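# Overview (structure and organization)
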Amino acid sequence: LAPTQQAATPPPNQRRPERKRGAAGKAGSDPNRWWICCDPLPPIPLDPSSATITLGRSPAADVVLPHSQVSRVHGKIKILGPGFYRYEDNGSSNGSILNGEKTDKARLKVGDVLTLGPYEIEIHSHETLEQRQKERPNEEELEGDHTRVVENAPQAAMTGRLNEVPITEILQGLEFNRKTGTLVIQSRAGKGRLTVAEGHPIQAKFADLHHDDALIAIAGLIEGSFQFSASVEPAEPMFRATITACLLEATRRQDEGE
């Protein structure tokens, strides 16, 4: 499951998946505007001035979803008029699921849930978005059905398994919510460790790899266990890239079979 708390706005030097046209944020003043919500991104308005919104793992998509189960341009939301929105699958490899059923093309309505790979995209009106924000102000970003908070662990460690919580969603949650702490990964491929400060990677190690290469390797894991705690050992920043940039590079390498 994706992290459930709304993402905090990262510093200007951090890249993150986002809608590239138009602002994202809280429910605005237009009561007729619809929104899409895809944790851990902030709500994204469906702007009537934009004819089409593309969703996919390509950096050129309007909403970037960096995961190997998502096609480069997975699908499109076409804005045909106020309250008239249609989703079209773009011939994706893994298909699009709308309210639990596979779809190639469908008119969207408030309350719909569109699933692309591991991402669940909710369709909201002004009213339902406001209600959503009232109900979810203090949820833990990385807590879901398959993660748990270990009450007696140092610094309230969170643990889980990567076959239940995809590593991409864990990493995105750390970046978008500007977490500070240490993520430890145990898998058959090796042991990894990532230190983050305010959502930015500071140091990483996986097997014999270090820094960017280590984080890219961690981003490709599909099995193993993880634990995140707020404890951080002092370290010199060794990263040039953001977590999002490493996720996109990991996806590119998978696409090209590197």
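Each remark here, short or long, concerns the structure printed above.
Residues numbered from 1 in each chain as written. Predicted model: local features only at pLDDT ≥ 70, side-chain atom pairs only at ≥ 80, totals over all residues. Heavy atoms only, no water.

### A word on the overall build of the protein chain
Put simply, the rule reads: Runs of E in the DSSP output that reach at least two residues are strands. Runs of H or I that reach at least four are helices, and both are numbered from the N terminus. A simple rule labels every residue: compare its accessible area, found with a 1.4 Å probe on the protein chains alone, to the largest value its type can have, and call it buried under 20%, exposed over 50%, or partly exposed in between. What makes two residues a contact is simply this: any of their non-hydrogen atoms within 4.5 Å. Here the open area of atoms and residues is found with the Shrake-Rupley method and a 1.4 Å probe, where only the protein chains shown may cover a residue.
Within the protein chain, the secondary structure is distributed over four helices and 18 strands. Residues classed as buried in the protein chain amount to 51% of the 258 residues present. Residue pairs in contact within the protein chain that sit at least 24 positions apart in sequence constitute 57% of those at least 6 positions apart. Total accessible area on the protein chain stands at roughly 12,300 Å², and carbon and sulfur atoms take up 47% of it.

### Regarding the packing of aromatic side chains
What counts is decided by this rule: Only centres within 6.5 Å qualify two rings of Phe, Tyr or Trp (six-membered ring in Trp) as a pair; their planes then separate them into stacked at under 30 degrees, edge-to-face at over 60, and tilted for everything else.
Inspection of every chain in the model, using the stated rule, returns one aromatic pair. Geometrically, the ring pair formed by tryptophan 34 and tyrosine 85 is tilted, given 4.8 Å between the ring centres and 35 degrees between the ring planes. Of this pair, tryptophan 34 sits in the segment before strand 1 (35-37) while tyrosine 85 sits in strand 6 (residues 84-89); the two residues are 51 residues apart in sequence, bridging distant segments of the chain. We classify tryptophan 34 as buried; its relative accessible area is 14%. For tyrosine 85, a relative accessible area of 1% gives the class buried.

### A few points about helix 3 (residues 211-219)
Along helix 3, the positions that sit buried rather than exposed are Asp212, Ala214, Leu215, Ile216, Ile218 and Ala219. Of the surrounding elements, those touching the buried residues of helix 3 are helix 2 (167-176), strand 14 (181-187), strand 15 (190-197), strand 16 (200-206), strand 17 (209-210) and helix 4 (243-256).

### Overview of the pairing of strand 10 (residues 113-116)
The line we're drawing: We call two strands paired when DSSP finds no fewer than two bridges between them.
Of the strand pairs in this sheet, strand 7 (residues 96-98) and strand 10 are connected by two bridges, and their pairing is antiparallel. In the strand pairing of strand 10, isoleucine 97 is matched with threonine 115. Two strands pair when backbone bridges link them, and strand 10 and strand 11 (residues 119-124) are joined in this way by four bridges, in the antiparallel orientation. Residue pairing across strands places leucine 114 opposite isoleucine 121, the latter belonging to strand 11. Between strand 10 and strand 11, which pair antiparallel in sequence order, lie two residues; one of them, glycine 117, sits at a positive phi of approximately 60 degrees.

### As for the sheet that holds strand 7
What counts is decided by this rule: Throughout, an axis means a line fitted to C-alpha atoms (over the contacting stretch in the case of helices), and angles, computed between N-to-C directions, take values from 0 to 180 degrees.
Here six strands make up an open sheet; going across it, the order is 2-1-11-10-7-8 and the pairing antiparallel. The sheet terminates laterally at strand 2 (44-45) and strand 8 (101-103), the two strands that pair on one side only. On the sheet, helix 1 (residues 126-135) packs against strand 1 and strand 11 and is oriented at approximately 125 degrees with respect to strand 11.

### Describing unusual backbone geometry
If you check the backbone angles, asparagine 99 has positive phi at about 55 degrees while not being a glycine. Take asparagine 99: it is sitting in the loop between strand 7 and strand 8. Unlike most non-glycine residues, alanine 207 shows phi in positive territory, near 55 degrees. Residue classification places alanine 207 among the partly exposed residues on the basis of a relative accessible area of 32%.

### Here's the deal with the packing of helix 3 against helix 4
We count it as follows: With the far helix as reference, a near helix turned anticlockwise by less than a right angle produces a left-handed crossing, and one turned clockwise produces a right-handed crossing. Lys, Arg, Asp and Glu make up the charged group, whereas Ala, Val, Leu, Ile, Met, Phe, Trp, Tyr, Cys and Pro make up the nonpolar group; the residues left over, Gly among them, are polar.
Contact pair helix 3 / helix 4: the axes reach a minimum separation of 9 Å and the direction vectors enclose 65 degrees. Every pair of crossing elements has a handedness; the one defined by helix 3 and helix 4 is right-handed. Contacts between helix 3 and helix 4 involve Asp212, Asp213, Leu215, Ile216 and Ala219 from the first element and Ile243, Cys246, Leu247, Glu249, Ala250 and Arg253 from the second. In the contact of helix 3 with helix 4, the residues fall into seven nonpolar, no polar and four charged.

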